[in-house]
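Observations on the three-dimensional arrangement
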Amino acid sequence: MTEATGIVGEFLSLKADSDADLLAMQCGDFYEFFDEDAEIVADELDLKVSQKSSHGSSYPMAGVPVDDLTPYVSALVERGYRVAVADQHETADGHAREITRVVTPGTHLETTDDAAQYLAAVVGTDGDSADSAGGADGSYGLAVADVTTGQFHVTQLDGPDARTRIQTELYKFDPAEVLPGPDLRGDDDFLDRLRERTDAALTVHTEESFAPGRARHRVRDHFGPETVDSVGIADDDAAICAAGAVLSYVEDTGVGTLASITRLQSYGATDHVNLDATTQRNLELTETMQGGTDGSLFDTIDHTTTAAGARLLREWLQRPRRDRAELTRRQSCIAALTEAAMARERLCETLADAYDLERLASRAVSGSADARDLRAVAETLGLLATVEDVIDEDDRLADSPLADALDRLDRDAAADLASELDAALVADPPGTVRQGGLFEQGYDEELDEVIERHESVLEWLDTLADREKERTGITHLSVDRNKTDGYYIQVGKSEADEVPEGYEGIKTLKNSERFTTDELQQKEREVFRLEEQRHELEYELFGDLRERVAEDATLLQDVGRVLAELDALASLAIHAVRNDWARPELTDGRELDVEAGRHPVVEQTTEFVPNDLRMDGAASPPNRERASGHANDQRQFLIVTGPNMSGKSTYMRQAALITLLAQIGSFVPARTATLGLVDGIYTRVGALDELAQGRSTFMVEMQELSNILHSATDDSLVILDEVGRGTATYDGISIAWAATEYLHNEVRAKTLFATHYHELTTLADHLDRVHNVHVAVAGEPPTASGAESHTADESDGDVTFLRTVRDGPTDRSYGIHVADLAGVPEPVVDRSRTVLDRLREEKAIEAKGSGSSEPVQTVFDVNAGGFKRADESEPATADGGTAAEASDAGLDPETEAVVEELSELDVNETPPVELMATVQEWQAQLDDG
């Protein structure tokens, strides 16, 4: 193909220099896309493609009007494209174009999503190189910025598990775009896990921006050396490298928001509760297992009225705190709001009129804010006085930490800025800042004078038609304006011959003619000149006003965050009142004591049966025994058994969610709750099929178990909903048994373990801190702590799940009943019951075939772990007979006693440890005989 020249050649040259996926180049009143970019944009946005000739070749071309570029760019960026924008400006030689910004998923300001939009940089090594940013055991640095709000977080994690923890941090923030450091760009495993767990676009930024020396200089230059030292990252090379790369990228993209990033917020491993990707997914914090938001915890408790409040509440759920003082402060705010119903309602009504000040601050700093944005700033700052009145006028709110939140603000400066903006801008400004009509009269004397002259000429033009009708006697006469003819006098065809001298015809239409006059042309030139002068002056004044607001970006961010916090706290108070939630007591201990706890989401859609939970030092109230028993320091590991579909998973999930809600400062769904703070919540609940990634469900299950065993500590809460079910029975029991011992002996975390392996319940007799609880069914008598439980017989098909958790193990899973409930065909269910009964009685079972062959009698051999023909099931004696025949023939009393005990033993219901002990006793008995 011949090399393109002209506009197409300029486009291709700029595109090559941009390192962007697409380029939008301004050509007059349109932004144009050429060549492959045009075809991509047309396909993505349903635009019409035309052709542009250049140097004998034809190139696809698609364009959008200048004023409509933003929504088109937004749509492209949301699809993961990096879009460069080349703007046109006038020069002495004509037009020139240059790339002014590159809009990327992580630097897009015009997002319509209320959620945070993070840009992240991550660097890390395994410590192999002494010259790298990593330490001996490996160091990973993470910097996360939200350019739409100015938020900037940075951390460094060290040690052998730093890699896993940094992946968890990335999942918590769920960035829109990630800049991998030089050492991670070739790490396929790390990048694959990142792609699996987030929807982030991966972008390669210059290696120089990650260089320790350059990054340190950039961070210190932007935030100040004192800030870097005070937040405690001065010696964290990996964190500094990540932070420097983010600042470099934001500057290079030209979005103009760098000045809005004013706070360097460092956080450490002990600041927040560890919630890995698996746990956030299993607990359905912000989206359900199916990927939707309806039915998530966030969707359930979100009653916020502002975008910023919803964003903050979502952040709290994804990053719970470990600071008891901060959590207690939030609790006190919520408590006051629950008690002051009318004040709470007034506060919510006031906040509903608030705009997103954090994002407006970034728009002002970037120069993209328009007059409506600044008017929104004025109106939102003006709400502070009302919010202050609402809090001050109610003693409960005034005496709570809510008042302290307002005291953190410079309310005088906020009021001054609001007053200045209110005096400057009209109440309903236009959507463009270049067409005038932005300012109130009296804001600027020069502007007032230009406007007065302009409006005087407009008035002359507006009354011209009436004057001319009276002067000429022509009735069908009007004055109008368009882009082609400018101002003109239009006269109906029937009266066109009656126009006076001085009317100069300019256009003939079907039913009328258009004329102009010398005076009209003079007024037209005057009004155009005054319009241009007014627009230029207003745009200049508006630019100054926008810069004035940008200078107060920190103030806007402060006010925005306080209003968002009030909104989030009010939301939690509303939910607590509507659902009868209680304020939990937070302690420095390890107890987890919940009375009448409920699942916060499930209780919304069903008549929920509350349950108690008592672990790790939770003491029984005086003179009252709870169904969950009398707990002590030795009650740290609960094995949860019970029928399928009875509520075991719900019971365990609610324990995790109550703990999590307490550690965002919320009230919880319970009658009472006392909790020691945890450092992490880890769950293994089912396994999504990940065969597409080359991992079976059992492999995923084992990887999740491995993560828990490596990551949990004695201050963690662990939820295990089945372990080892994805493999052979004996393998599964062995894994579950060993994992229980390890969690009990080594990790010592508070653990709830639901299982259908009833053999595991025996561990409660051998491990001090292991206890059994089960979900009861109808027909089972309530039991005191430690009493034996007796569940209803399933053989009659009449089983009722009570959803009540009691002490002690259950005796079976009621799986056949669940199959019946699920709609399994009746012949299958009936046959299942028959087989189960014969297995329990150790009787032979006919293996029924579909052909004409004779049925085969089989029994289950527990030692072999499978079925055998009935005629092979009993061991033969030396003379070819069976053991039973030998017994009939006459045996010594010791042997006969062993045989009798063996015939009465129920192998299916005897735990492995007890079975082995019994066999050893028999061996000793036979040896003695």
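Considering the overall build of the chain
Broken down by element type, the chain carries 29 helices and 30 strands. The buried share of the chain, reckoned over its 929 residues, is 51%. Across the chain, every contact between residues at least 6 apart in sequence was considered, and the portion connecting residues at least 24 apart equals 67%.

Observations regarding the nonpolar core
In summary, soluble globular proteins display a tendency toward joint burial of nonpolar side chains. The biggest cluster of nonpolar side chains holds 131 residues, and the ones touching the most others in it are L297, L381, F439, L613 and L752. The leading source of residues in this core is helix 21 (residues 553-579), at 15 residues. Other than its neighbours up to four places away in sequence, F439 contacts A424, L425, V426, L447, E538, L541, F542 and L545. The next biggest cluster of nonpolar side chains, apart from the first, holds 32 residues, and it includes V154, C241, A243 and V246.

Some words on the side chain of T288
In this structure, T288 sits in the loop between helix 9 (277-282) and helix 10 (297-301). Here T288 is in contact with D294, G295 and S296, once residues within four sequence places are set aside.

Considering the sheet that holds strand 17 (residues 512-516)
Taken together, the 4 strands give an open sheet; going across it, the order is 14-15-17-16, and neighbouring strands pair in antiparallel fashion. Edge positions in the sheet fall to strand 14 (477-482) and strand 16 (504-508), since each has one partner strand and no second. Going from strand to strand, the sheet's axes swing by 35 degrees on average, the running direction of each strand aside. With 4 bridges connecting them, strand 15 (residues 486-492) and strand 17 associate as antiparallel partners. Counted as the bridge partner of V491 is E513 from strand 17. The strands that helix 19 (residues 445-472) touches are strand 14 and strand 15; relative to strand 14, the one it contacts most, it runs at about 150 degrees. Running at roughly 140 degrees to strand 15, helix 20 (residues 518-551) makes contact with strand 14, strand 15, strand 16 and strand 17 of the sheet.

Concerning the pairing of strand 23 (residues 680-685)
The side chains of a regular strand alternate between both faces of the sheet. The element strand 23 is extensively covered by neighbouring structure, given that 6 of its 6 residues are classed as buried. Of the two faces of strand 23, the one lined by G680, Y682 and R684 and the one lined by I681, T683 and V685 are each fully buried. With 2 bridges joining them, strand 13 (residues 274-275) and strand 23 adopt parallel strand pairing. Counted as the bridge partner of N274 is G680 from strand 23.

Remarks on the packing of aromatic side chains
Scanning the entire structure with this criterion turns up 9 aromatic pairs. Between Y487 and F528 the ring centres are 6.2 Å apart and the planes differ by 35 degrees, which places this aromatic pair in the tilted class. With a gap of 41 residues between them, Y487 in strand 15 and F528 in helix 20 connect regions that are remote in the sequence. With a relative accessible area of 32%, F528 lands in the partly exposed category. Over the ring of W316 we find R330, and its NZ or CZ is 4.0 Å from the ring centre. Sitting over the ring of W460, K523 keeps its end group 5.3 Å from the ring centre.

As for helix 5 (residues 188-197)
Every buried residue of helix 5 is accounted for by F190, L191, L194 and R197. Seen from one end, helix 5 has its buried residues packed into an arc of 135 degrees, which puts them on one side. Of the surrounding secondary structure, the elements contacted by the buried residues of helix 5 are strand 7 (119-125), strand 8 (139-146), helix 4 (162-173), strand 10 (177-180), strand 11 (201-202) and helix 9.

Side note on unusual backbone geometry
For D35, which is not glycine, the phi dihedral falls at a positive 60 degrees. One can find D35 in helix 2 (residues 35-45). For R748, which is not glycine, the phi torsion reads 65 degrees and is therefore positive.

Comments concerning the sheet that holds strand 1 (residues 22-27)
Taken in spatial order, the 6 strands make up an open sheet running 3-4-2-1-5-6, and their pairing is mixed. The strands lining the two open edges of the sheet, one partner per strand, are strand 3 (50-54) and strand 6 (94-103). For this sheet the average axis-to-axis angle between neighbouring strands, irrespective of direction, equals 35 degrees. The sheet strands contacting helix 2 are strand 1, strand 2 (30-34) and strand 4 (57-65), and the helix crosses strand 2 at an angle near 110 degrees.

Considering the pattern of salt bridges
Counting across every chain of the model gives 45 salt bridges. Measuring nitrogen to oxygen at the nearest pair gives 3.1 Å for the salt bridge that ties E393 to R346. With E393 in the loop between helix 15 (371-392) and helix 16 (395-398) and R346 in helix 13 (residues 341-351), the pair connects residues that are 47 residues apart, well separated along the chain. Here the salt bridges share partners, and the residues they tie into one network are E326, R329, R330, R408 and E565.

Brief notes about the confidence of the model for the chain
Reading predicted coordinates in detail is not appropriate for stretches of low pLDDT. Mean pLDDT over the chain: 84, with 82% of residues reaching 70 or higher. Low confidence marks residues 687-694, where pLDDT is under 50. Its contacts with residues over four positions away, or in another chain, come to 14 contacts. Confidence drops under pLDDT 50 across residues 875-889; counting only partners more than four residues distant or on other chains, this segment forms 11 contacts.

Looking at a negative patch on the surface
On the surface, a cluster of negative charge is made up of E446, E532, E536, E540, D544, E547 and E551. The dominant element in the negative patch, judged by the number of residues it contributes, is helix 20, at 6 residues. For D544, the location among the structural elements is in helix 20.

How each quantity is defined
Residues numbered from 1 in each chain as written. Predicted model: local features only at pLDDT ≥ 70, side-chain atom pairs only at ≥ 80, totals over all residues. Heavy atoms only, no water. Helix = DSSP H or I, 4+ residues; strand = E, 2+ residues; numbered from the N terminus. Buried < 20%, exposed > 50% of the residue type's maximum accessible area, 1.4 Å probe, protein only. Contact = heavy atoms within 4.5 Å. Core = buried A, V, L, I, M, F, W, Y, C linked by side-chain atoms within 4.5 Å. Pairing = 2+ DSSP bridges. Axes fitted to C-alpha atoms, helices over the stretch in contact; angles between N-to-C directions. Phe/Tyr/Trp six-rings, centres within 6.5 Å; stacked < 30°, edge-to-face > 60°. Lys NZ or Arg CZ within 6 Å of the ring centre and 35° of its normal. Arc of directions from axis to C-beta. Salt bridge = Lys/Arg side-chain N within 4 Å of Asp/Glu carboxyl O. pLDDT = per-residue confidence, 0-100. Patch = residues over 30% accessible without salt bridge, like charges linked within 9 Å, V, L, I, M, F, W, Y side chains within 5 Å. Areas by Shrake-Rupley, 256 points an atom, 1.4 Å probe, with all protein chains shown as cover. Lys, Arg positive; Asp, Glu negative; His and termini not counted. Charge placed at Lys NZ, Arg CZ, Asp CG, Glu CD.

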